[in-house]
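# Analysis of the macromolecular model
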Amino acid sequence: MNLKEQYRRFRDWQENPFDYTNHSKHTTRCANCGTEFNDNFCPRCGQQAGVGAIGWQTVRQGILILWGMDSRSLSFSLVQLILRPGYMIRDYIRGKRQVSFPPVKMLFIVAIANVLAIRLHHILYGWPSERAEAEVFMGQLAFMNPLVTWMEANTAWSTLLFMAFFILPTWLFFRHAPRSPRHNLPEGFYLQVFMATLTLLIDTIAQLTTVWLNILFPVCYVLTYRQLFGYGWFGTLWRLATCLVVGFGLIFLAFTIAVVWFNTEKFFG
């Protein structure tokens, strides 16, 4: 098989990796509730068809589930998020949620892993010079210390709060997209939850492997938005770039208001 054929099969898998074909060839009696059915799973209790005596296949499945390798596990969803981010988000928005780990829970788990990875990196390699310079700079801005402390103690919430500023711009510029013509703000919230998870996941891998992967962030964003919304490369790039400009403008405005409010409270308090 040549590289072109392998790439084509990978693209087909990206768009539709799940097989919902009925593999049951005859009527089955559920070993759990006794219901007779002709499908892959019992319509009453949900148990899989063909469950019989315990064998080595049962042992293998039990071990895979223990290590989170079943079809709705955290590891399965993270692999999906890395290899087919836009298509995975599209599937979740369109209702294919049975095969996805709960996204908000996934964000908080990845955020915890990110904090541990950063601390481990600090223990093994020390802080990079850029981080040390940033800490000195932040230390000079005393009025920002409470905000920075809160952000470091609440990685998931702070990342999600940061990404939330891009919900409105995304809705404005992608709401008539070919693959998502009725994109709305609640869908935008879940899009940013997945993007926050992907961002923290890439940073976690970078911390553990000491490989500078931050250059992948723009690539991941462009690929994700293109897969999800269906615009071409140019259409995706200019819309995403505009979203980033507007989003960072909103962040700057909110940050300015927060700083003024904090200093006003501190001065008059």
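As a reminder, the structure under discussion sits directly above these lines.
The present account deals with the structure reproduced in this document. (Residues numbered from 1 in each chain as written. Predicted model: local features only at pLDDT ≥ 70, side-chain atom pairs only at ≥ 80, totals over all residues. Heavy atoms only, no water.)

### Quick look at the overall build of the chain
Stated formally: Segments assigned H or I by DSSP are reported as helices when at least four residues long, segments assigned E as strands when at least two residues long, and all are numbered from the N terminus. Any residue under 20% of the maximum accessible area for its type is buried, any over 50% is exposed, and the rest in between are partly exposed; the area is computed with a 1.4 Å probe on protein chains only. Here, residues are in contact when the closest pair of their heavy atoms is within 4.5 Å. For the accessible areas, the method is Shrake-Rupley and the probe is 1.4 Å, while residue cover comes only from the protein chains on display.
Helix and strand counts for the chain come out as 12 helices and 2 strands. For the chain, the residues scored as buried account for 33% of the 269 residues in total. Across the chain, contacts joining residues at least 24 apart in sequence account for 61% of those joining residues at least 6 apart. Looking at the chain as shown, the accessible area adds up to about 17200 Å², and 66% of this sits on carbon and sulfur atoms.

### A look at the packing of aromatic side chains
Applied cut-off: Working definition: rings of Phe, Tyr and Trp (its six-membered ring) pair if their centres are within 6.5 Å, and the pair is stacked with planes under 30 degrees apart, edge-to-face with planes over 60 apart, and tilted otherwise. Throughout this description, the term charge over a ring refers to an Arg CZ or Lys NZ atom that lies within 6 Å of the ring centre and within 35 degrees of the ring normal.
Taken as a whole and judged by the stated rule, the model has 14 aromatic pairs. With a centroid separation of 5.9 Å and 25 degrees between ring planes, the pair formed by Phe10 and Trp13 is classed as stacked. With Phe10 and Trp13 both in helix H1 (residues 3–15) and 3 residues apart, the pair spans about one turn of that helix. Since its relative accessible area comes to 33%, Phe10 is described here as partly exposed. Ring plane angle 70 degrees and centroid distance 5.5 Å describe the contact between Tyr92 and Phe194, whose orientation is recorded as edge-to-face. Separated by 102 residues along the polypeptide, Tyr92 in helix H4 (residues 85–94) and Phe194 in helix H10 (residues 185–209) bring together distant segments of the chain. Ring-pair connections join several aromatic residues into one group, and the members of that group are Phe174, Tyr221, Tyr225, Phe229 and Tyr231. Above the plane of the ring of Trp171 lies Arg175, whose end atom (NZ or CZ) is 5.1 Å from the centre. Positioned above the aromatic ring of Trp233 is the side chain of Arg226, whose terminal nitrogen or guanidinium carbon lies 4.2 Å from the ring centre.

### Quick look at the pattern of salt bridges
Definition in use: When a carboxyl oxygen of Asp or Glu lies within 4 Å of a side-chain nitrogen of Lys or Arg, that pair is called a salt bridge.
Taken as a whole and judged by the stated rule, the model has 5 salt bridges. A salt bridge links Asp12 to Arg8; the nearest nitrogen and oxygen atoms lie 2.8 Å apart. With Asp12 and Arg8 both in helix H1, this residue pair falls 4 residues apart, about one helical turn. In this structure Asp12 comes out as partly exposed when scored by relative accessible area, which is 40%. With a shortest N-O distance of 2.8 Å, Arg29 and Glu36 are connected by a salt bridge. Using a relative accessible area of 54% as the deciding quantity, one classes Arg29 as exposed. On the accessibility criterion, Glu36 (52% relative accessible area) is exposed. Each of Glu5, Arg8 and Asp12 takes part in one network of salt bridges that share partners.

### Quick word on the environment of Ile82
With respect to the helices, strands and loops of the structure, Ile82 is situated in helix H3 (residues 74–83). Classification of Ile82 as partly exposed rests on a relative accessible area of 44%. In the structure, Ile82 is positioned 142 residues away from Thr224 in sequence and 9.7 Å away in space, judged by C-alpha atoms.

### A short note on the packing of helix H5 (residues 103–125) against helix H8 (residues 155–164)
Defined as follows: The axes are straight lines fitted to the C-alpha atoms, using for helices just the contacting stretch, and the angles between their N-to-C directions are given from 0 to 180°. Should the near helix be turned anticlockwise from the far one by less than a right angle, the crossing is left-handed, and should it be turned clockwise, the crossing is right-handed. Polar here means any residue other than Ala, Val, Leu, Ile, Met, Phe, Trp, Tyr, Cys and Pro, which are nonpolar, and Asp, Glu, Lys and Arg, which are charged; Gly is therefore polar.
Following both chains from N to C, one finds H5 and H8 inclined at 115 degrees, their axes separated by 8 Å at the closest point. You can see that H5 and H8 cross each other, and the crossing is right-handed. In this structure, H5 uses Leu107, Phe108, Ala111, Asn114 and Val115 to contact H8, whose residues at the interface are Thr155, Ala156, Trp157 and Leu160. Looking at side-chain class alone, the contact of H5 with H8 contains 7 nonpolar, 2 polar and no charged residues.

### Considering the packing of H8 against H10
Rule in force here: The scheme is simple: roughly parallel for angles under 35 degrees, roughly antiparallel for over 145, roughly perpendicular for 65 to 115, oblique for anything else.
Packing of H8 against H10 brings their axes to within 9 Å, and their N-to-C directions diverge by 125 degrees. Regarding the angle of H8 to H10, the classification is oblique. Classified by chirality, the crossing of H10 by H8 is right-handed. When H8 is examined against H10, the residues Thr155, Thr159, Leu160 and Met163 are found in contact with a partner set consisting of Phe189, Gln192, Val193, Met195, Ala196 and Leu200. For the contact of H8 with H10, the per-class residue count stands at 7 nonpolar, 3 polar and no charged.

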